[in-house]
Amino acid sequence: MSAPVLDLSLVPPLGEPRPTPVPEVHETTLPNGLRLVVVPRPGVPLVELRLRVPFAASAPRQAATHAARTSVLTGAVLLGTARHDQLEIAQLLQAHGGELSVSADADRMLFSTTMLPDGLAPVLGVLAELLTAATYPSRPVDAERARVVERIRIARSQPGVIARSALAARRYGDHPYAQQLPSADLVASVTPAALRRLHRDRVLPAGSTLVLVGEVDPAAAADAVGTALAGWVAEGRAVAAGPVPEVGPGPLQLVHRPGAVQSNVRLGGPAPGRTDPQLPAVRLASMVFGGYFSSRLVENIRERRGYTYSPRSGVEHLMAGSSFTVDADVATAVTGPALLETWYELGRMALTPVSEAELESARRYLLGTLALGTATHAGLASTLSALFGAGLSAEWLADHQRALATVGIDEVTEASRRWLSPAGLTAVVVGDAGEAADQLRALGPVEVSAPAVDEQ
């Protein structure tokens, strides 16, 4: 018996995307320099908290050590305070529906939790303890350090991590952004004393931003934060990353990984920042090229040729610079052809206009994901934390949506020519050089290198 055929005429057409409303934002700066952003959002009895502390390496020569210490600090800060041990901290948070997570990247350290509305004051009290009285006890730190060392050694053996690290090193030179993942040996040398010093010197209120989203009264929330964090005082201001150097693309780098059955292709180049008028056009161009399942790159090297499962492209934002990136993991035997087709699609974006149907499909997808990303308390809190941390406001959301809605074909072509051109992108491939090098040399100059010692 044959399967029933779906009558597509019964599927209703998509409606027009709904405008993303600008949230009600109450903003203040506390006496200690902390910026507080409160967004009342009734309906779901939860509150989302995001504390963003700028945490970039202060100088290129310190980037490796800073990254190693930060990788341990994000877990070790939760190991105890002068008043409570790790278990007691967890119990205090869980009593109010919270579970604090701490993460870090090249720009910031982020404290995140969800809580019940009546738990705001107690959870802020725990956060204040961690900010002002974390002790970094020796034995728990030793265990946390060992866990991080093992995790990093495993991660640095993964081809995707090797490729990302190689691309960052090529693109950023001696800038701290080149330090994607710290050395396991450097992590193993981190001491509790070094963590206490890093916390004292770098976990600073001035320059940091605390975002609260949910069922909160703005005035009461400001009072609770002011009371709880009044003791978090320090000289200085949290450190942001310095300017990114201009580094030319150079020849393709092939990182030799003997016996690899796949090649990990990574391309990257500069992209417009959040305030650049060309950003909406570049985001739409990236979407048409490789940003979702209906993109040109997916249709070409996945659907038509079967070279890869999930190629993708996107625009990523860091404080000191934004990037356009392309990722594709392909079978070793088709490394060269896959890269050739990727370059072809990039060149086609830059030289020939996209169709109206392609542009409208990408536009709807982007507007929809923008709305979905801020529909929940958690999504809105994380988005606002990134925006305010970058010196922007909540109005950026509506402004960006309006800009996406009005970008035309000519603007996408112009943006593609400037930002997506293959000539402006740095290319890195991780794979078996014995199998892939000759394929890639047919396309241009190739530099072959070995992975770092702890990546082998």
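Located above this text is the structure these notes cover.
Numbers given for residues are sequential positions, taken from 1 along each chain in its written order. With the structure being a predicted model, the display of local features is reserved for residues of pLDDT at least 70 and the display and counting of side-chain atom pairs for 80 or more, all residues being used for whole-chain, interface and lining totals. The side-chain quantities take in all heavy atoms of the structure and omit both hydrogens and water.

So, the sheet that holds strand S1 (residues 26–29)
Then step 1. At least two bridges found by DSSP between two strands is the condition for calling them paired. Think of it this way: any DSSP run of H or I at least four residues long counts as a helix, any run of E at least two long counts as a strand, and we number them from the N terminus. With mixed pairing, the six strands of this open sheet are ordered in space as S1-S2-S6-S3-S5-S4. With one partner strand each, in any of the chains shown, S1 and strand S4 (101–104) form the two edges of the open sheet. Strand-to-strand twist across the sheet, computed as the mean angle between neighbouring axes with direction ignored, equals 15 degrees.
Then step 2. As judged from the eight bridges shared by strand S3 (residues 47–54) and strand S5 (residues 108–115), these two strands associate in the antiparallel manner. The partner of Val47 across the bridge, within S5, is Met115. For every element, the axis is a line fit to its C-alpha atoms; helices are fit only across the contacting stretch, and the angle between N-to-C directions ranges from 0 to 180 degrees.

Considering the packing of aromatic side chains
Then step 1. Two rings from Phe, Tyr or Trp (for Trp, the six-membered ring) form a pair when their centres sit within 6.5 Å of each other. Planes less than 30 degrees apart are called stacked, planes more than 60 degrees apart edge-to-face, and all others tilted. Taken as a whole and judged by the stated rule, the model has three aromatic pairs.
Then step 2. The criterion for a charge sitting over a ring is simple: Lys NZ or Arg CZ within 6 Å of the ring centre, and within 35 degrees of the ring normal. The side chain of Arg202 reaches across the aromatic face of Phe55, ending 5.2 Å from its centre.
Then step 3. Looking at Arg302, its charged tip hangs above the ring of Tyr309, at a distance of 4.5 Å from the centre.

A word on helix H14 (residues 395–406)
Then step 1. Over its 12 residues, H14 runs 17 Å from end to end, which matches the ideal 16 Å to within 8%, given 1.5 Å per residue.
Then step 2. All buried positions along H14 are accounted for by Trp396, Leu397, Ala398, His400, Gln401 and Leu404.
Then step 3. Here, two residues are considered to be in contact whenever any of their heavy atoms come within 4.5 Å of each other. Turning to H14, the residues buried within the fold contact helix H9 (279–291), helix H12 (356–373) and helix H13 (377–389). Multiplying one less than the number of residues by 1.5 Å gives the expected span of a helix. Burial here depends on accessible area, computed with a 1.4 Å probe over protein chains only, as a share of the maximum for the residue type. Under 20% is buried, over 50% is exposed, and the range in between is partly exposed.

Things to note about a nonpolar patch on the surface
Then step 1. Residues forming no salt bridge and having over 30% relative accessible area are the ones grouped into patches, like charges within 9 Å of each other and nonpolar side chains (Val, Leu, Ile, Met, Phe, Trp, Tyr) within 5 Å. To be clear on the numbers: accessible area is Shrake-Rupley with a 1.4 Å probe, and residue cover counts the displayed protein chains and nothing else. We count a salt bridge whenever a side-chain nitrogen from Lys or Arg sits within 4 Å of a carboxyl oxygen from Asp or Glu. Where nonpolar side chains cluster on the molecular surface, the patch consists of Val44, Leu46 and Leu116 and spans about 210 Å² of accessible area.
Then step 2. With respect to the helices and strands, the residue Leu116 is situated in the loop between S5 and helix H3 (120–133).

Things to note about unusual backbone geometry
Most peptide bonds are trans, and most residues other than glycine sit at a negative phi.
Then step 1. Located in the positive-phi region is Tyr136, a residue other than glycine, with phi close to 50 degrees.
Then step 2. If you trace the backbone, Tyr136 turns up in the loop between H3 and helix H4 (138–155).
Then step 3. The class of Tyr136 is buried, set by a relative accessible area of 0%.

Focus: the environment of Ala240
Then step 1. Within the fold, Ala240 resides in the loop between helix H8 (218–228) and strand S7 (252–256).
Then step 2. Residues Ala240 and Pro176, 64 residues apart in the sequence, show an inter-C-alpha distance of 11 Å.
Then step 3. Discounting chain neighbours no more than four positions away, the residues touching Ala240 are Pro54 and Ala56.

What to know about the pattern of salt bridges
Then step 1. Counted under the stated rule, the structure contains 19 salt bridges.
Then step 2. Its salt-bridge partner being Arg266, residue Asp329 comes within 2.9 Å of it at the nearest N-O pair. One end of the pair, Asp329, is in strand S10 (residues 321–331); the other, Arg266, is in strand S8 (residues 262–271), and 63 residues separate them in sequence.
Then step 3. Classification of Asp329 by relative accessible area gives partly exposed; the value is 27%.
Then step 4. Residue Arg266 is classed as buried on the basis of its relative accessible area of 7%.
Then step 5. Counted as one network, the salt bridges with shared partners bring together Arg266, Arg312, Asp327 and Asp329.

Here we look at the pairing of S10
Then step 1. Among the 11 residues that make up S10, eight are buried, leaving the element largely enclosed by the rest of the structure.
Then step 2. Inspection of the sheet shows S8 paired to S10 by 10 bridges, in the antiparallel sense. Bridge assignment links Ser263 to a residue of S10, and that residue is Val330.
Then step 3. Pairing analysis gives seven bridges linking strand S9 (residues 312–318) to S10, with the strands arranged antiparallel. What sits directly across from Glu316, in S10, is Ser323.

Here's the deal with the side chain of Arg171
Then step 1. Along the chain, Arg171 turns up in helix H5 (residues 159–172).
Then step 2. When charges are counted, Lys and Arg are positive and Asp and Glu negative, with His and the chain ends excluded. Look at Arg171: it is buried, it has no salt bridge, and the nearest opposite charge is Glu316 at 6.7 Å.
Then step 3. For the purposes of these results, a polar contact is taken to be a pair of N or O atoms within 3.5 Å, where, inside protein, one atom must be able to donate a hydrogen and its partner to accept one; residues adjacent in sequence count only when each atom of the pair is a side-chain atom. From its side chain, Arg171 meets the backbone oxygen of Gly269 in a polar contact 3.5 Å long.
Then step 4. For Arg171, the residues in contact, after removing those within four places along its chain, are Val247, Gly268, Gly269, Pro270, Ser322, Ser323 and Thr426.

Observations concerning the environment of Trp419
Then step 1. Structurally, Trp419 can be placed in helix H15 (residues 409–419).
Then step 2. When the C-alpha positions of Trp419 and Ala271 are compared, they lie 6.2 Å apart, and in sequence the two are 148 residues distant.
Then step 3. Beyond its immediate stretch of four places on either side in the chain, Trp419 contacts Pro270, Ala271, Pro272, Asp276, Gln278, Val282, Phe324 and Leu425.
Then step 4. Within the local environment of Trp419, its side chain forms a polar contact with the side chain of Gln278, the two groups lying 2.6 Å apart.

Observations regarding the pairing of strand S6 (residues 209–214)
Regular strands have side chains that alternate between both faces of the sheet.
Then step 1. Most of S6 is tucked away: six of the six residues are buried.
Then step 2. Here S6 shows no split at all, with Thr209, Val211 and Val213 on one side and Leu210, Leu212 and Gly214 on the other all buried.
Then step 3. For strand S2 (residues 35–40) and S6, the ladder comprises six bridges, and the chain directions are parallel. Note that in S6 the partner of Pro40 across the bridge is Gly214.
Then step 4. Where S3 meets S6, six bridges bridge the pair, whose relative direction is antiparallel. Looking at S6, one finds that Leu49 is bridged to Leu212.

Looking at the packing of H9 against H12
Then step 1. Where H9 contacts H12, the axes come no closer than 9 Å and their chain directions differ by 110 degrees. When the axis of H9 is compared with that of H12, the two are roughly perpendicular. Contacts between H9 and H12 pair Arg283, Leu284, Met287 and Val288 from the former with Glu358, Leu359, Ala362, Arg363, Tyr365 and Leu366 from the latter.
Then step 2. Residue classes follow a fixed rule: Ala, Val, Leu, Ile, Met, Phe, Trp, Tyr, Cys and Pro count as nonpolar, while Asp, Glu, Lys and Arg count as charged, and any other residue, Gly among them, counts as polar. Among the residues forming the contact of H9 with H12, the class breakdown is seven nonpolar, no polar and three charged. Working rule for angles: under 35 degrees goes down as roughly parallel, over 145 as roughly antiparallel, 65 to 115 as roughly perpendicular, anything else as oblique.

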